[in-house]
Amino acid sequence: MNLYDFDLPELDSENFSTLLSHKNIQIKRIVSNTLKTSQTFIQDEDEWVIVLKGCAKIEMNEKIYKLKAGDYLFIPAKTTHTLLKTKKVVVWLAVHIT
């Protein structure tokens, strides 16, 4: 298995793949392909996310975060956050904690 072995989603969309699910943790790979349409999420679990490749803008608590490879963000459960856009392909690693 390889983190970078994936099918590219269509433009302006994302693919989510669960890499590990164990007890109260899920680790997911997210691949975003040139998102121009913002997407808003509210999740029941805490999420820690890191950008492995590419650049993205996320709005959370009225603040805009410009993330590039190596940048990470903690998103508490029940927190509204919006993925505003991505630049080309972005590969994320997300850890969901319940």
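Residues numbered from 1 in each chain as written. Predicted model: local features only at pLDDT ≥ 70, side-chain atom pairs only at ≥ 80, totals over all residues. Heavy atoms only, no water.

S.K.: I would appreciate a short explanation of unusual backbone geometry in the present structure.
M.R.: A negative phi angle characterises most non-glycine residues, just as the trans form characterises most peptide bonds. Unusually for a residue other than glycine, aspartate 12 sits at a positive phi of about 60 degrees. As for its position among the elements, aspartate 12 is in the segment before strand S1 (13-22). In the Ramachandran plot, lysine 78 falls in the positive-phi region, its phi being about 65 degrees despite a non-glycine side chain. Following the sequence through the fold, lysine 78 ends up in the loop between strand S6 (72-75) and strand S7 (81-97). The exposed category is assigned to lysine 78, whose relative accessible area is 55%. (Helix = DSSP H or I, 4+ residues; strand = E, 2+ residues; numbered from the N terminus. Buried < 20%, exposed > 50% of the residue type's maximum accessible area, 1.4 Å probe, protein only.)

S.K.: What am I meant to see in the environment of leucine 19 here?
M.R.: Considering the arrangement of structural elements, one finds leucine 19 in strand S1. Considered as a pair, leucine 19 and lysine 36 are 17 residues apart in the sequence and their alpha carbons are 26 Å apart. Non-local contacts of leucine 19, meaning those with residues more than four positions away in its chain, are made with Leu3, Ile27, Lys28, Arg29 and Leu93. (Contact = heavy atoms within 4.5 Å.)

S.K.: What exactly am I supposed to notice about the packing of aromatic side chains here?
M.R.: Two measures describe an aromatic ring pair: the distance that separates the ring centres and the angle between the ring planes. In this structure the tally under the stated criterion is 1 aromatic pair. Their ring planes at 40 degrees and their centres at 5.5 Å tell us that tryptophan 48 and tyrosine 72 sit as a pair that is tilted. Within this pair, whereas tryptophan 48 is found in strand S4 (residues 46-60), its partner tyrosine 72 is found in strand S6, the two being separated by 24 residues in sequence. Accessibility expressed as a relative area gives 29% for tryptophan 48, which makes it partly exposed. (Phe/Tyr/Trp six-rings, centres within 6.5 Å; stacked < 30°, edge-to-face > 60°.)

S.K.: What's the story with the nonpolar core in this structure? I'm lost.
M.R.: Soluble globular proteins tend to pack their nonpolar side chains together in the buried interior. If you look at the biggest cluster of nonpolar residues, it comprises 14 residues, and the most contacted ones within it are Val49, Ile58, Leu73, Leu83 and Trp92. Elements supplying a minimum of two residues to this core: S4, S6 and S7. Ranked by the residues each element gives to this core, the list is headed by S4, at 5 residues. (Core = buried A, V, L, I, M, F, W, Y, C linked by side-chain atoms within 4.5 Å.)

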